Amino acid sequence: MSIADFFALLGGVGLFLLGMTLMSSGLQSAAGDKVRTILEHATSNKIRGILLGTGVTVLIQSSSATDMMVIGFVNSGLMNLKEAIAVIMGANIGTTITAQITAFDLTAFAPLLLFIGCVMYLFMSRKKVKSVGMIILGFGMLFVGVGLIKDAIKPLSQSVQFEQFLAGLSNPVLAVLFGIAFTALLQSSSSSTVIFQTFAVQGILNYRTTVYLLIGAAIGSVTPNLLAGLTTNRNGKRSAVLNLVFNLLRAALLLTIISIFPQVLDLICRLSPNNIGRQIANTHTIFAIFSVLVLAPFSGLIVRLAELMIPRLPEETRMLEGKKLLYLNSAKSTLPSVQIRQAVLECRRMGEMTLDNLKLSLQCFFEDGNTQKLMNQVEDTESIIDYLCQAISDRLMETRSLDLTDADAFRASKLMVIAMNFERIGDQAENIIEFRQKLDEQNDKLSTAGKSDLQKLSEKVVRSVELCIDIFSEENFSKLPEASENENQVDQLHDQITNNHVQRLMNGNCNPMAGIVFTDMTTDLERCADNAFNISTALFKKTS
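Since the model is a prediction, treat every value here as computed from it, not as a measurement.

Novice: I'd like to hear about the packing of aromatic side chains, residue by residue, with values.
Specialist: Counted by the stated rule, this structure contains 6 aromatic pairs. Considering the side-chain rings of Phe 182 and Phe 196, the 5.4 Å spacing of their centres and the 40 degrees angle between planes classify their relative orientation as tilted. In this pair, Phe 182 is assigned in helix α10 (residues 172–186) and Phe 196 in helix α11 (residues 189–201), connecting sequence segments 14 residues apart. Since its relative accessible area comes to 22%, Phe 182 is described here as partly exposed. The exposure class assigned to Phe 196 is buried, which follows from its relative accessible area of 4%. A connected cluster of aromatic rings, assembled from ring pairs, spans Phe 178, Phe 182 and Phe 196. A cation over an aromatic ring shows up here: Lys 130 above the ring of Tyr 121, its NZ or CZ 5.1 Å from the ring centre.

Laid out in structure tokens, this is it:
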């Protein structure tokens, strides 16, 4: 193989990869946000998840892109691991479409595709048309790249050294390992598959060696996902590991089947006699579908294996347990009066969680030193509070279809108000840690007097939240005068410390950035007290 042939090979691989990228980008651009929306609505229905993964991957021509989106969704909590494994399995089927496409010899039409795609992309103004032009342009580049690879590797069939290298690949283990390494290097299983397919078409690789290379390529394809998982939370890392575990099991399954029933490969070859390119494409697709059919029933075990590899931390368990309704059952299976009482207990649980989070955020704000761990805990708890607010409201909405008494109908509507007010207090607790972050970023501190004023106000606000939980959950309205008095004291103290702050600014005793944080903090604390008083009085107005 001459230097010119080697350069032509590199150029062909480069054009092929660029063509794949342009096709994928064009398809994603044409689809807009629909692909992401489709994946977001993947449900716990395993079959639907597999079909979604297959369809999306066929649409965007990239299993890596599909898997990356899955990792992102799992990382953000939009998708759980059971949903993720179904989509990942589907993506493994969808990625085989590339080999099916390149099994057609369209090299002669590639220049025409390049021309049409170039005209549409460069000279058309409509975004959708330009996206279609990008797809056609990528499609043409893909086949030009394949053509260059075919021409460049022809001399390799005459090379003694290359023949010796290929003789080593006749060992299935070495072939699988080479497939893993080569695909990890290219960061694309579709690309490595098509390159192996091209070598086979040119007579440089035999069919069986190529099959083992494809099995290795599937494992190597997880490399981009593992790298992406390094920057995610532990659940995001588990979704990346899921892909690795699935492909390792897939490889073990296929190698076992081939070893025990080697005639399986002969049967596949008979589907397309005398066409090794199509035989390889068919093998790739059939193996993917077979693996999913066999392993899908065991997806729960694969998820558990990933969780064993990256064990759950105590805080993760707390998050999972927190995002559940402990008391509220389905409205259809519970008496209305019992449903309302369950909602009260659920709101109290949410309120106690909100109170603890407020205290934690205040500790984070006033404490010296590194408080990142406290900040993370506040943010995690806030996500639970958001979930509970939505879940409680949804369940209470279901009670509208029940035969409620006037008193219970009133309580149901007011309990939704109570849940929303607790959620707002949770938001303000999150704001408090952001104020601390601002001070840390600017390397600023509050004045001693300002810090003391905020601590006094914080104590009153915490008492307001404590009172509101007791009052609404037990309907103990004898404490309302205390809650009202505490609310008035918060308002008076807010006005007083605001005046003190203005005086410090005028005397030059307060840093402007710290002053902004101080003002925002007092406003949020006062709003917390207002929300707490709304909760205290929510159920009282009907009985007064």
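On we go.
Novice: How would you sum up empty space enclosed by the protein? Please name residues and give values.
Specialist: The final tally for this structure, using the stated rule, is 4 cavities of 30 Å³ or more. When its volume is computed, the largest cavity comes out at roughly 120 Å³. Lining the largest cavity are 15 residues, with Ser 63, Asn 92, Thr 95, Ser 189 and Ser 221 positioned closest to its centre. Its residues assigned to classes, the lining of the largest cavity comprises 4 nonpolar, 9 polar and 2 charged.

Novice: Would you mind going over unusual backbone geometry in detail, with residue names and values included?
Specialist: Phi at Asn 443 is positive, roughly 55 degrees, even though this residue is not glycine. Positionally, Asn 443 belongs in the loop between α21 (406–441) and α22 (448–474). Of note in this structure, Glu 475 is not a glycine but carries a positive phi near 50 degrees. Relative to the elements of secondary structure, Glu 475 occurs in the loop between α22 and α23 (480–506).

Novice: For the packing of helix α12 (residues 207–220) against helix α14 (residues 234–260), give the residues involved together with the corresponding values.
Specialist: α14 packs onto α12 with a crossing angle of 165 degrees between their chain directions and a minimal axis gap of 8 Å. One element, α12, and the other, α14, form an angle in the roughly antiparallel class. α12 and α14 meet at a crossing whose hand is left-handed. Contacts between α12 and α14 pair Val 211, Tyr 212, Ile 215, Ala 218 and Ile 219 from the former with Leu 244, Asn 247, Leu 248, Arg 250, Ala 251, Leu 254, Leu 255 and Ile 258 from the latter. Of the residues that constitute the contact of α12 with α14, the class distribution is 11 nonpolar, 1 polar and 1 charged.

What counts and what doesn't
- Residues numbered from 1 in each chain as written.
- Predicted model: local features only at pLDDT ≥ 70, side-chain atom pairs only at ≥ 80, totals over all residues.
- Heavy atoms only, no water.
- Phe/Tyr/Trp six-rings, centres within 6.5 Å; stacked < 30°, edge-to-face > 60°.
- Helix = DSSP H or I, 4+ residues; strand = E, 2+ residues; numbered from the N terminus.
- Buried < 20%, exposed > 50% of the residue type's maximum accessible area, 1.4 Å probe, protein only.
- Lys NZ or Arg CZ within 6 Å of the ring centre and 35° of its normal.
- 1 Å grid on protein atoms, 1.4 Å probe; cavity = no way out; pocket = protein on both sides within 12 Å on 5 of 7 lines; lining within 4 Å.
- Points joined across faces, edges and corners; volume = space filled by probe spheres on them.
- Nonpolar A, V, L, I, M, F, W, Y, C, P; charged D, E, K, R; others polar.
- Axes fitted to C-alpha atoms, helices over the stretch in contact; angles between N-to-C directions.
- Parallel < 35°, antiparallel > 145°, perpendicular 65-115°, else oblique.
- Left-handed = near helix turned anticlockwise from the far one by under 90°.
- Contact = heavy atoms within 4.5 Å.

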